[in-house]
Amino acid sequence: MKTILITGGAGFIGSHVVRLFVNKYPDYKIVNLDKLTYAGNLANLKDVEKKPNYEFIKGDIVDSEFILKCFEEKKFDGVIHLAAESHVDRSISNPIEFVNTNVIGTVNLLNAARYLWKDPVDKRFYHISTDEVYGSLGEEGIFTEDTRYDPHSPYSASKASSDHFVRAYQDTYNLPIVISNCSNNYGSYQFPEKLIPLFIHNIKNRKPLPVYGKGENVRDWLWVDDHAAAIDVIFHRGKSGETYNIGGFNEWKNIDLIRLICRVMDSRLGRPAGESEKLITYVKDRAGHDLRYAIDASKIKNELGWKPSLQFEEGIEKTIDWYLENEEWLNNVTSGDYKKYYEEQYIKR
Ligand code: NAD
Ligand code: TYD
């Protein structure tokens with residue numbers, strides 16, 4: 001029996017990874033360690049919470065003593081590290097939170113693994129990162145695993161820093177590590193601050209859709225369960241010390257994606273065609289807004305046989321249907337401080 005620590009398992013991607021591992025590997029004990037920030041929600045894991053191979057621990061990765069104690073008690077065989085502050089706009093208003101969780105939190109986990117894994121054979125520290133560490137592309141080009149790091153936002157700078165620490169711990173202490181850098185994810189259980197769930201929520205409530213700048217920025221979108229499947233493959237078969245890029249081969253200009261969401265929402269809500277597009281409101285651009293991200297995911301495809309499974313249009317429809325069917329979830333996460341935060345964000349722009 002292996003004991004695997006998944007950090008940030010109550011968040012968007014983490015909850016999909018926890019669900020996959022708990023169901024697919026009954027002989028693993030999956031320990032989900034999460035602070036339950038505004039972005040973490042145990043309702044994301046209701047269907048697995050009673051499974052015998054699942055355990056939840058509420059805790060903060062910034063607390064080094066607590067992390068060390070967890071490692072001592074649970075004797076983890078592997079770590080899949082997803083816990084992070086993840087939203088670029090929040091990193092612009094409060095960068096220090098990102099340094100604490102993303103950099104110091106990661107180093108605390110690395111230290112605990114280094115102290116406890118005296119014999120690192122069969123151990124693995126898997127760090128989940130983002131393509132945003134590579135910076136911004138122009139009209140041409142694509143990020144490969146060899147692209148130079150060039151982060152622009154406090155979020156991507158903190159993730160770049162944590163990636164460097166993970167590699168440094170391999171080079172300095174022989175810690176068996178692996179890293180993946182993934183493009184933008186979408187799907188169920190994503191907190192409605194990121195573009196896709198925010199716009200679904202706003203259209204439903206006939207609120208303005210704040211498009212940053214001219215809406216010409218490009219993102220490469222990946223279905224979250226395809227990311228979880230890639231994490232499974234890399235955790236089990238990825239080469240120690242390697243980096244793998246994960247992406248959807250699926251670039252969309254923001255405004256085209258927003259129009260697609262508007263069309264599907266009109267049809268699902270029985271509103272006249274064109275109704276939701278009237279909510280589009282161009283607002284002041286995000287500071288340091290990266291123009292384009294695009295991932296070359298051929299290494300993981302060729303070496304590990306992973307590829308995205310879902311067509312984007314189908315994925316968007318499934319995502320919209322999920323948010324419309326899970327009204328209670330959406331109402332819960334948008335109650336309390338949410339309304340105030342978004343009204344302030346919108347007024348600031
Ligand atoms: P998320 O914000 O939805 O979830 C983050 C989780 O981490 C939450 O459950 C939160 O409670 C927890 N957390 C935050 N601070 C913590 C702390 N100090 N201690 C313990 N737990 C803490 O994020 P997400 O979108 O699911 O992203 C997960 C990981 O994947 C992050 O590392 C992110 O950088 C990376 N990533 C995200 C995307 C994306 O499109 N969302 C793309 C590539 C990589
Ligand atoms: P986001 O979902 O925040 O992801 P990231 O910034 O990590 O790529 O944003 C996706 C794109 O959508 C990005 O180019 C910024 C843009 N955007 C808007 O135009 N309006 C919004 O309200 C948000 C949240 C994002």
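For clarity, every value in this text was computed on a predicted model and none was experimentally measured.

K.L.:
Which residues make up the packing of helix α1 (residues 12–24) against helix α7 (residues 224–237), and what are the values?
P.N.:
Between α1 and α7, the shortest axis-to-axis distance is 9 Å and the interhelical angle comes to 60°. With respect to each other, α1 and α7 are oriented oblique. In terms of crossing hand, the pair formed by α1 and α7 is right-handed. In this structure, α1 contributes Phe12, Ile13, His16, Val17, Leu20, Phe21 and Lys24 to the contact, and α7 contributes Val224, Asp225, His227, Ala228, Ala229, Ile231, Asp232, Phe235 and His236. Looking at the contact of α1 with α7 residue by residue, the class counts come to 10 nonpolar, 3 polar and 3 charged.

K.L.:
Can you lay out the pairing of strand β1 (residues 2–7) for me, pointing to particular residues and giving the numbers?
P.N.:
Judged by how many residues are buried, β1 sits mostly within the fold: 5 of 6 residues are covered. Summarising the sheet, β1 and strand β2 (residues 28–34) pair through 6 bridges and their orientation is parallel. Paired with Ile4 across the strands is Ile30, a residue of β2. Once you follow β1 into α1 and on to β2, the crossover reads as right-handed. Sheet topology note: the β1/strand β4 (residues 78–81) ladder contains 4 bridges and is parallel. What sits directly across from Leu5, in β4, is Val79.

K.L.:
So, the site of ligand 2: which residues are in play, and what are the values?
P.N.:
Inspection of the region around ligand 2 gives 18 residues, with Glu132, Pro210, Arg219, Arg286 and His289 positioned closest. Here Asn184 contributes a side-chain N or O atom positioned 2.9 Å from an oxygen atom of ligand 2. One of the backbone nitrogen or oxygen atoms of Pro210 is found 2.7 Å away from a nitrogen atom of ligand 2. Contact with the protein chains hides 97% of the accessible area of ligand 2, taken as 510 Å² for the molecule alone. Breaking the shell around ligand 2 down by element, the ones donating at least two residues are α6 (195–204) and β8 (209–212). The class makeup of the residues in the shell around ligand 2 is 8 nonpolar, 5 polar and 5 charged.

K.L.:
Run through the environment of Asn217, naming residues and quoting values.
P.N.:
Within the secondary structure, Asn217 sits in the loop between β8 and β9 (218–223). Taking relative accessible area as the criterion, Asn217 reaches 6% and is therefore assigned buried. In this structure the C-alpha to C-alpha distance between Asn217 and Cys262, which are 45 residues apart in sequence, comes to 18 Å.

K.L.:
Mind laying out the sheet that holds strand β7 (residues 184–186), listing which residues take part and the relevant values?
P.N.:
Within a beta sheet, neighbouring strands are joined by backbone hydrogen bonds and run either parallel or antiparallel to one another. The 3 strands lie next to each other as β7-β9-β11, forming an open sheet whose pairing is mixed. Pairing within the sheet leaves two strands with one partner each, and these edge strands are β7 and β11 (251–253). With direction set aside, neighbouring strand axes in the sheet form an average angle of 50°. In this structure, β7 lies alongside β9, joined through 3 bridges in parallel fashion. Bridge pairing links Asn185 to Leu222 in β9.

K.L.:
Could you give me a rundown of the site of ligand 1, with the residues and numbers involved?
P.N.:
Lining the immediate surroundings of ligand 1 are 28 residues, of which Ile13, Asp34, Ser86, Tyr155 and Lys159 lie closest. At 2.5 Å from an oxygen atom of ligand 1 is found a side-chain nitrogen or oxygen belonging to Asp34. A distance of 2.7 Å is found between an oxygen atom of ligand 1 and a side-chain nitrogen or oxygen belonging to Tyr155. In the complex, the protein chains occlude 97% of the 840 Å² of accessible area that ligand 1 would expose alone. Within the shell around ligand 1, the residues separate by chemical class into 12 nonpolar, 12 polar and 4 charged.

K.L.:
Explain the domain arrangement of the protein chain residue by residue, including any values.
P.N.:
A common way to express how large an interface is: the accessible area buried when the components associate. One can read the domain layout of the protein chain as domain 1 (3–186 + 221–246) and domain 2 (195–218 + 252–291 + 311–340). On a C-alpha basis, the centroid separation for the pair domain 1 and domain 2 is 27 Å. Approximately 1300 Å² of surface area, both sides summed, lies buried where domain 1 meets domain 2, with 58% of it carried by carbon and sulfur atoms. Here Arg286 and Asp89 are joined by a salt bridge, their closest N and O atoms 2.7 Å apart. Viewed at the interface, domain 2 and domain 1 are joined by 5 residue pairs in polar contact (both at pLDDT 80 or more).

The rules behind these values
Counting of residues starts from 1 at the beginning of each chain's written sequence and follows it residue by residue. The order in which chains are written sets their letters, starting at A; the order in which ligands are written sets their numbers, starting at 1. Local features in this predicted model are restricted to residues whose pLDDT is 70 or higher, and side-chain atom pairs enter the listing and the counts only when it is 80 or higher, whereas totals over whole chains, interfaces and linings include all residues. Just so you know, side-chain values use all the structure's heavy atoms and leave hydrogens and water out. Each axis is a line fitted through C-alpha atoms, and for a helix only the stretch in contact is used; angles between axes span 0 to 180 degrees, taken between their N-to-C directions. Each helix corresponds to a stretch of at least 4 residues labelled H or I by DSSP, and each strand to a stretch of at least 2 residues labelled E; elements are numbered beginning at the N terminus. With respect to orientation, any angle under 35 degrees is reported as roughly parallel, any angle over 145 as roughly antiparallel, any angle of 65 to 115 as roughly perpendicular, and every other angle as oblique. Less than a right angle of anticlockwise turn of the near helix away from the far helix marks a crossing as left-handed, whereas a clockwise turn marks it as right-handed. Residue contacts follow a heavy-atom distance rule, with two residues in contact if any of their heavy atoms lie within 4.5 Å. Each residue is assigned to one of three groups, with Ala, Val, Leu, Ile, Met, Phe, Trp, Tyr, Cys and Pro labelled nonpolar, Asp, Glu, Lys and Arg labelled charged, and all others, Gly among them, labelled polar. Exposed residues in this analysis have more than 50% of their type's maximum accessible area, buried residues have under 20%, and partly exposed residues fall in between, with area computed by a 1.4 Å probe over protein chains only. Two strands pair if DSSP finds at least two bridges between them. When the strands point away from the viewer and the connection leading from the first strand across the helix to the second strand turns clockwise, the crossover is called right-handed. Neighbouring residues are identified by heavy atoms, a residue being near a molecule or strand if any of them is within 4 Å of it. For the purposes of these results, a polar contact is taken to be a pair of N or O atoms within 3.5 Å, where, inside protein, one atom must be able to donate a hydrogen and its partner to accept one; residues adjacent in sequence count only when each atom of the pair is a side-chain atom. Accessible surface area values rest on a Shrake-Rupley calculation with a 1.4 Å probe, where residue burial reflects the displayed protein chains alone. Residue ranges for the domains originate in an automatic or database domain assignment. Buried area adds together the accessible area that both of two parts lose upon being put together, with accessible area traced by a 1.4 Å probe. Salt-bridge detection follows one rule: a side-chain nitrogen of Lys or Arg within 4 Å of a carboxyl oxygen of Asp or Glu.

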